[in-house]
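Inside the fold
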Amino acid sequence: MTVTLEQRADAFRRLDEAKLAFARRDWFPGTSGNLSIKLSDDPLQFAVTASGKDKTKLSPEDYLVVDGESRPVEPTALKPSAETLIHAVVYKRIPQAGACFHVHTVWNNLVSELYFGQRAFSIQGQELIKGLGIWEENARITIPIVENFAHIPTLAAAIDKVITPDVPGVLIRNHGIYAWGANDFEAKRHLESFEFLFEYHVRWLQLRQNAVSLTHTS
């Protein structure tokens, strides 16, 4: 399949929208994070954020198109994000994924550290689980957590082993989350749902601890 200029421009526009929405939430501290939208399956090609760009701003050189090995498909001075290989793993492992978003937040870092011993974080009975496309009553989800390997191929291989189509996300310990969906709208919804669940859970733990402390001191 040949990717047209119109498809490329449309993907860049949609990445702009997602990037600015997440930037307004301060989800890209220190130019961290990366976003991609798949353009074709065979061969695998996707638009991805360029490395080192300020994601609170827009410029003509924010994105490039890469192949399944994370190599630019055309000559360019831009470098893909160092973690582009992880996006490629997601698209290969989860063929129905059409967009993949990665952000760093305090809440996802806290959850990844709190539950790294179990290598997964589970939560049950929360309304926002429906935002992940899971509608069962009193539903429970479990999102895997992997070690934050500095060697990106090792990190990508660890992610490849644990992700499934059932839960559209993976946490990296003290690093961030990758969330995906069939398209950019769904990936954004999944990411927002995960982040709500993480923040809720950590705040609930804090309130519970405060309540226990008050009980012991009264």
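First, a word on what this report is: a plain description of the structure on this page. (Residues numbered from 1 in each chain as written. Predicted model: local features only at pLDDT ≥ 70, side-chain atom pairs only at ≥ 80, totals over all residues. Heavy atoms only, no water.)

1. Thoughts on the packing of aromatic side chains
Centre distance and the angle of the planes are the two values used to describe a pair of aromatic rings. A full pass over the atoms with the stated rule returns 8 aromatic pairs. On the basis of an interplanar angle of 25° and a centroid distance of 5.5 Å, the ring pair of Phe22 and Trp27 is categorised as stacked. Note on accessibility: Phe22 and Trp27 belong to one class, buried. Arranged with centres 5.2 Å apart and planes meeting at 50°, the rings of Tyr115 and Phe121 form a pair that is tilted. With respect to class, Tyr115 is no different from Phe121; both count as buried. Every member of this aromatic cluster is reached through a ring pair, and the members are Phe22, Trp27, Phe28 and Phe101. (Phe/Tyr/Trp six-rings, centres within 6.5 Å; stacked < 30°, edge-to-face > 60°. Buried < 20%, exposed > 50% of the residue type's maximum accessible area, 1.4 Å probe, protein only.)

2. Things to note about the environment of Thr56
Here Thr56 lies in the loop between β2 (44-49) and β3 (63-67). Each C-alpha atom, one on Thr56 and one on Arg24, is 7.6 Å from the other, the two residues being 32 residues apart in sequence. Not counting residues within four places of it along the chain, the set of residues in contact with Thr56 comprises Leu20 and Ala23. Within polar-contact distance, the side chain of Thr56 engages the side chain of Asp54 at 2.7 Å. (Helix = DSSP H or I, 4+ residues; strand = E, 2+ residues; numbered from the N terminus. Contact = heavy atoms within 4.5 Å. Polar contact = N/O pair within 3.5 Å; in protein donor to acceptor, adjacent residues only side chain to side chain.)

3. Points about the packing of helix α2 (residues 84-93) against helix α4 (residues 152-162)
Where α2 contacts α4, the axes come no closer than 9 Å and their chain directions differ by 25°. Judged by the inter-axis angle, α2 sits roughly parallel to α4. Where α2 crosses over α4, the handedness of that crossing is right-handed. Facing Leu85, Ile86, Val89 and Arg93 of α2, the residues of α4 in contact are Ile152, Pro153, Leu155, Ala156, Ile159 and Asp160. (Axes fitted to C-alpha atoms, helices over the stretch in contact; angles between N-to-C directions. Parallel < 35°, antiparallel > 145°, perpendicular 65-115°, else oblique. Left-handed = near helix turned anticlockwise from the far one by under 90°.)

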